[in-house]
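# Topology and contacts: notes
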Amino acid sequence: MINSNTGYVSGSSNRVFKTTNGGASWDSVSTAIGTSTTLYCPDFINENTGWVSGSSGRIFKTTDGGGNWSLLTTGVTSTLYRIDMVDANTGWFIGSSGTTRKTTDGGTTWTAQTPNYTSTINWLQMINANTGFLCALSGNIRRTTDGGTNWDTIPTAITTSLNSLSFINANTGFVSGATGVTLRTSNGGTT
């Protein structure tokens, strides 16, 4: 959600839906993406500018609230599960096989990042241009404090898949995973 009224969701068969009334109704937005693309987690920085990632290394960008979408060149073919932009220029995407890339020009070019993880990364959230977290299979959590140049392993006693995370600031966050696992930190992942 961009605000209490406007938000976007996506799914299989290149579907993107938009609400402008807090979810009371959802309208399909024209994507012109193609029927074989499964789309994951749209990320909008305002009501007009947003990105959505998908299968086969695809990322699409809109600057008119979903009316038109441009295919961006990512340089990868893996499934991209999440894109997280901190502003109009700087953002990251993650996906299968440990795929992690960063852009500083709104998605025109992408630079490889190395989180030292080779399996599927399920979720990424950047708090700002320097600090962020990702979670993955087998209880893996990584943290960066230098914009993704280095990723520190955060130790957990969890061995199941961690599927999503949500941080309200650089210290306080929650991670959820398979078999009902929920983790909380109040010190940036130290414990």
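Reference entry: report on the structure contained in this document. Note that the coordinates shown come from a computational prediction; the quantities given were computed from them, not determined experimentally.

Looking now at the packing of aromatic side chains. Scanning the model with the defined rule gives 5 aromatic pairs in all. Between Y40 and Y81 the ring centres are 5.0 Å apart and the planes differ by 70°, which places this aromatic pair in the edge-to-face class. Remark: Y81 occurs in strand β8 (residues 80-85) and Y40 occurs in strand β4 (residues 39-44); sequence separation between them is 41 residues. Members of the aromatic cluster, connected to one another through ring pairs, are Y8, F44 and W69.

Our focus in this paragraph is the environment of T19. Structurally, the position occupied by T19 is in strand β2 (residues 15-19). Judged by its relative accessible area of 0%, T19 falls in the buried class. Along the sequence, T19 and G7 sit 12 residues apart, while their C-alpha atoms lie 5.4 Å from each other. Excluding its chain neighbours within four sequence positions, the residues that come into contact with T19 are M1, N5, T6, G7, A24, S25 and W26. Of the polar contacts made by the side chain of T19, one reaches the backbone nitrogen of G23; its length is 2.9 Å. A distance of 2.9 Å separates the side chain of T19 from the backbone oxygen of S25, its partner in a polar contact.

This part covers the side chain of N122. With respect to the element layout, N122 can be found in strand β12 (residues 121-126). From its side chain, N122 meets the backbone oxygen of L162 in a polar contact 2.9 Å long. Residues contacting N122, with those up to four places away along its chain left out, are Y81, I94, C135, A136, L137, S161, L162 and N163.

Before going further, it helps to examine the sheet that holds strand β13 (residues 132-136). Strands pair in a sheet through their backbones, by hydrogen bonds, and they do so in one of two ways: parallel or antiparallel. In spatial order, the strands read β12-β13-β14-β15; together these 4 strands make up an open sheet with antiparallel pairing. Across the chains shown, the open sheet's two edge strands, defined by having one partner strand only, are β12 and β15 (152-154). Taken pair by pair, the neighbouring strands of this sheet meet at an average axis angle of 25°, ignoring direction. Relative to strand β14 (residues 141-144), β13 is paired through 4 bridges, and the arrangement is antiparallel. The residue of β14 that forms the bridge with F133 is R143.

Tallied over the full model, the rule gives 0 disulfides. In this model C41 remains outside any disulfide bridge; the closest cysteine sulfur is found in C135, 11 Å from its own. Overall, C41 belongs to the partly exposed group, its relative accessible area being 25%. Classification of C135 by relative accessible area gives buried; the value is 0%.

So, on to the pattern of salt bridges. According to the stated counting rule, one finds 1 salt bridge in the structure shown. With a shortest N-O distance of 3.8 Å, R82 and D84 are connected by a salt bridge. Take R82 and D84: they sit in the same class, and that class is buried.

Cut-off values and rules
Residues numbered from 1 in each chain as written. Predicted model: local features only at pLDDT ≥ 70, side-chain atom pairs only at ≥ 80, totals over all residues. Heavy atoms only, no water. Phe/Tyr/Trp six-rings, centres within 6.5 Å; stacked < 30°, edge-to-face > 60°. Helix = DSSP H or I, 4+ residues; strand = E, 2+ residues; numbered from the N terminus. Buried < 20%, exposed > 50% of the residue type's maximum accessible area, 1.4 Å probe, protein only. Contact = heavy atoms within 4.5 Å. Polar contact = N/O pair within 3.5 Å; in protein donor to acceptor, adjacent residues only side chain to side chain. Pairing = 2+ DSSP bridges. Axes fitted to C-alpha atoms, helices over the stretch in contact; angles between N-to-C directions. Disulfide = S-S within 2.5 Å. Salt bridge = Lys/Arg side-chain N within 4 Å of Asp/Glu carboxyl O.

Function cannot be inferred from these measures alone, as they are strictly geometric.
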